[in-house]
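An overview of the molecular structure
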Amino acid sequence: MKIAVILGSHRREGKNKEIEDMLIGLNLEHELDFIRMADTHIFGCTTCYECAKTNKCVLDDDFEAIYKKLIAADMIFIITPVYAIIPSRLTALFERLTSLLFASGLLNTENNPLLGKKVAVFSYCSSQICDEKDIKYIFQKFVMTGYSFDAVNYRYINDCPNANEKYNYNICEYIKNVALAL
Ligand SMILES: Cc1cc2nc3c(=O)[nH]c(=O)nc-3n(C[C@H](O)[C@H](O)[C@H](O)COP(=O)(O)O)c2cc1C
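Residues numbered from 1 in each chain as written. Predicted model: local features only at pLDDT ≥ 70, side-chain atom pairs only at ≥ 80, totals over all residues.

Details of the overall build of the protein
Of regular secondary structure, the protein possesses seven helices and five strands. Reading the protein from its N end, one meets helices and strands in the order β-α-β-α-α-β-α-β-β-α-α-α. Relative to the compact-globule value of 16 Å for 182 residues, the protein shows a C-alpha radius of gyration of 16 Å, a close match. For the C-alpha atoms alone, the extent of the protein along its principal axes is close to 50 × 35 × 30 Å. Burial status across the protein gives 30% buried among its 182 residues. (Helix = DSSP H or I, 4+ residues; strand = E, 2+ residues; numbered from the N terminus. Rg over C-alpha atoms; globule rule 2.2 N^0.38 Å. Buried ≥ 20, exposed ≤ 12 C-beta atoms within 10 Å, placed from the backbone.)

Here's what the structure looks like:
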């Protein structure tokens, strides 16, 4: 199976590098395809709705390549630091997915190419594992029909309400445990 691993940080050192190295070091039987937002040029949606005519976004950046990677993946890991809110490049990715899937009539339908992907979501800051629920609310509309904005009603790979207690505030340990259980 192929796992698209989105690293939301805008820098290539720091915890995301530690997480990347840890995942590679696990030698999983699954192929890892890293999408490093630090190396990514991505604009926010401009609401031009050209995609409604062509099913393609007219903005010239890395979105199309990321979209193809997500479609090709069996599983998606979203691993992101807290940047006050969600880092802006990850937000831009969510905007662009929303517009493209909505305008091309795929969102909330059986024809959505992301429908049913297995997804894990992780959030962290410098001192602890953070609550990933908000990202789960946002992302579930891309992978399911009948989504809710009030409750996480998609069956995500990971759910651990007491993650800090269980993994001693260490995001690497949390991700490692989930990855080894795949
Ligand atoms: C713009 C910005 C805003 C941030 N806001 C918060 C915050 O509100 N709360 C928090 O705990 N950490 C915050 N952080 C700290 C990051 O979550 C932390 O440094 C994290 O380790 C960065 O991920 P990285 O090491 O993978 O780059 C912020 C960092 C940046 C750059």
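Don't stop here, the text continues.
Focus: the site of the ligand
Within the structure, the ligand sits among S9, R11, G14, K15, N16, P81, V82, Y83, A84, C125 and S126. Its residues assigned to classes, the shell around the ligand comprises five nonpolar, four polar and two charged. (Near = placed C-beta within 6 Å. Nonpolar A, V, L, I, M, F, W, Y, C, P; charged D, E, K, R; others polar.)

What to know about the sheet that holds strand β2 (residues 31-36)
Reading across from one edge, β2-β1-β3-β4-β5 is the order of the five strands in this open sheet, with mixed pairing throughout. Taken across any chain shown, the strands that pair with only one partner, and hence form the sheet edges, are β2 and β5 (129-130). Pairing of strand β1 (residues 2-7) with strand β3 (residues 75-81), which is carried by five bridges, proceeds in the parallel orientation. Residue L7 lies in a different strand from β3, and its bridge partner there is I79. (Pairing = 2+ DSSP bridges.)

Regarding the pairing of β3
Most of β3 sits inside the fold, with six of its seven residues counted as buried. As defined by bridge partners, β3 adjoins strand β4 (residues 118-124) across seven bridges and the pair is classed as parallel. Residue pairing in the sheet places M75 in a bridge with K118 of β4.

Here we look at the nonpolar core
Grouped together as the largest cluster of nonpolar side chains are 41 residues, with contacts concentrated most on V5, I6 and I79. With seven residues, the single largest contributor to this core is helix α4 (residues 88-103). If we skip the residues at most four places from it in the chain, I79 touches V5, I6, L7, G8, N16, I19, F122 and I175. (Core = buried A, V, L, I, M, F, W, Y, C linked by C-beta atoms within 7 Å. Contact = placed C-beta atoms within 7 Å.)

Overview of the environment of Y124
Here Y124 shows up in strand β4. On the basis of neighbour counts, which here come to 25 C-beta atoms within 10 Å, the residue Y124 falls in the buried class. When the C-alpha atoms of Y124 and M144 are compared, they prove to be 25 Å apart, with 20 residues separating the residues in sequence. Every residue in contact with Y124, bar those within four places of it in the chain, is listed here: K15, P81, I129, C130 and I171.

Some thoughts on unusual backbone geometry
A positive phi angle, near 55°, is found at N168, a position not held by glycine. Tracing the backbone through its elements, the reader meets N168 in the loop between α6 (163-167) and α7 (171-180). The phi dihedral of Y169 falls on the positive side, at around 65°, and the residue is not glycine. Secondary-structure assignment places Y169 in the loop between α6 and α7. Residue classification places Y169 among the partly exposed positions, given that 14 C-beta atoms sit within 10 Å.

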